[in-house]
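# Structural overview for review
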Amino acid sequence: MREGAPLAVYPGKDQLAEAAAERFFEAMSRAIRKRGGCFIALAGGSTPRDLYSRLAARSRQSGRPWDKAHLFWGDERAAAPDSPQSNYRMAKESLLDHIDIPPENVHRIRGEIPAAQAAAEYGDVIRGTMPSRPPRFDLVLLGVGEDGHTASLFPGTPVLDEGCKDVAAVYVEKLQSWRVTLTCPILNRSRQVIFLVAGPSKAGIMERIRSLKTPSKEYPASLVQAGEGRVQWMLDQQAARLIENRREAAEE
Ligand code: 6PG
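Another point: the sheet that holds strand S4 (residues 75-77). On the basis of which strands lie adjacent, the open sheet formed by three strands has the order S4-S7-S6 and antiparallel pairing. On the outer flanks of this sheet lie S4 and strand S6 (167-172), each paired with one strand and no other. Averaged over all pairs of adjacent strands, the angle between strand axes in this sheet comes to 20°, irrespective of strand direction. In this structure, S6 lies alongside strand S7 (residues 177-182), joined through six bridges in antiparallel fashion. Directly across from Tyr171, in S7, lies its bridge partner Trp178. Of the strands in this sheet, S6 and S7 are in contact with helix H4 (residues 115-129), which crosses S6 at around 155°.

The subject of this paragraph is the site of the ligand. For the ligand, the set of nearby residues contains 15 residues, the closest of which are Ser46, Thr47, Asp75, Ala151 and Lys202. With respect to the ligand, the backbone of Ala151 contributes an N or O atom lying 2.6 Å from an oxygen atom. The side chain of Arg179 places a nitrogen or oxygen atom 3.3 Å from an oxygen atom of the ligand. Its free accessible area being 410 Å², the ligand has 87% of it covered by the protein chains. Residues belonging to the shell around the ligand are distributed by class as follows: two nonpolar, nine polar and four charged.

Here we take up the environment of Ser132. Looking at the secondary structure, you find Ser132 in the loop between H4 and strand S5 (139-142). On the accessibility criterion, Ser132 (23% relative accessible area) is partly exposed. From its side chain, Ser132 meets the backbone oxygen of Pro134 in a polar contact 3.4 Å long.

Between Arg133 and the following residue, Pro134, the backbone shows a cis peptide bond with an omega angle of -5°. Even without glycine at this site, Ala151 takes up a positive phi of about 50°. As for its position among the elements, Ala151 is in the loop between S5 and S6. Residue Gln176 is not a glycine yet carries a positive backbone phi of 55°. As for its position among the elements, Gln176 is in the loop between S6 and S7.

Relative to the elements of secondary structure, Asn105 occurs in the loop between helix H3 (87-94) and H4. A distance of 3.2 Å separates a polar atom in the side chain of Asn105 from the backbone oxygen of Asp67. When residues no more than four places from it in sequence are discounted, the contact partners of Asn105 are Trp66, Asp67, Ala69, His70 and Leu71.

Let us look at a positive patch on the surface. A surface patch of positive charge is lined by Arg30, Arg33, Lys34 and Arg230. Take Lys34: it is sitting in helix H1 (residues 13-35).

What counts, and where the lines are drawn
The written sequence of each chain sets the order in which its residues are numbered from 1. With pLDDT at 70 or above as the cut-off, local features in this predicted model cover only qualifying residues; side-chain atom pairs require 80 or more to be listed or tallied, and sums for whole chains, interfaces and linings still use all residues. Excluded from the side-chain calculation are hydrogens and water; included are all heavy atoms of the structure. Only when DSSP finds a minimum of two bridges between them are two strands counted as paired. The way it works is that DSSP assigns letters per residue, a run of H or I at least four long becomes a helix, a run of E at least two long becomes a strand, and they are numbered from the N terminus. Note on geometry: axes are lines fitted to C-alpha atoms, helical ones only across the stretch in contact, with angles between N-to-C directions running from 0 to 180 degrees. Only heavy atoms enter the contact rule, under which two residues are in contact if any of them lie within 4.5 Å. The criterion for a residue being near a molecule or strand is simple. One of its heavy atoms has to lie within 4 Å of it. Here a polar contact is taken to be a pair of N or O atoms separated by no more than 3.5 Å, where protein atoms must pair a possible hydrogen donor with a possible acceptor and residues adjacent in sequence count only if both atoms sit in side chains. Each accessible area value is a Shrake-Rupley result obtained with a 1.4 Å probe; residue values ignore everything except the protein chains displayed when judging cover. Gly is put with the polar residues, along with every residue not named as nonpolar or charged; the nonpolar set is Ala, Val, Leu, Ile, Met, Phe, Trp, Tyr, Cys and Pro, and the charged set is Asp, Glu, Lys and Arg. Three labels apply to residues, based on accessible area from a 1.4 Å probe with only protein chains included: buried if under 20% of the type maximum, exposed if over 50%, partly exposed otherwise in between. Each patch is assembled from residues with relative accessible area greater than 30% and no salt bridge, linking like charges that lie within 9 Å and nonpolar side chains (Val, Leu, Ile, Met, Phe, Trp, Tyr) that lie within 5 Å. Just to be clear on terms, a salt bridge is a Lys or Arg side-chain nitrogen sitting within 4 Å of an Asp or Glu carboxyl oxygen. We treat Lys and Arg as the positive residues and Asp and Glu as the negative residues; His and chain ends play no part in the count. Just so you know, the charge point we use is NZ for Lys, CZ for Arg, CG for Asp and CD for Glu.

In short, shape yes, function no, at least from these values alone.
Have a look at this one:
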């Protein structure tokens, strides 16, 4: 990855969540100020839970214009909304149940129906909700798996070659399961993308991604190139350990 994609490192998960919450609300306010509303895609997995709890806590402290926000998801598992596997359920527990967002402004991917149908439906929901053509998120939150996947863009899957659909269904062999995911076209049109990466298990993949000279399908997270300054990486020190080791070695 070109060193150019800004990378910020925080001492621990709490500081990371706090800083990410700041950037989240900045992006939300900027979009609402400029366009009267904001369209945000939430990340799944476990890392964002701390951020979502922080967003909820800060919203309790001081009101936030959630009535002008529309929330989406970057991907969803083949799971019902009340399943422990569901990305929607994680966000509902940590954020949605604690903020005053109109239910009609929450647009979950229906993981409980066949993936191809859910993907087609979600593309319609995005187009029906966002005024911009093509649809464009103001902010997308993403995580990175140890194999370099992001959202449900996994290495070796055909969805990496999707060049026009904004949402696709993908069968992930290694998981033996279907997923629904935003694709590179819509991710790369985003006004802002924030990758949130934490924990020692991500040090290796982060070092490999940041060492890339050009984006590589081997590491799908590196394919998210939303344009100059639109992609930001936010890591805790554990996830950044090998990157920092390499940088220190280069400076010796
Ligand atoms: C998912 C996510 C996935 C996640 C990464 C990182 O559905 O699991 O969309 O892309 O962001 O796997 O997950 P963690 O943050 O839990 O490490």
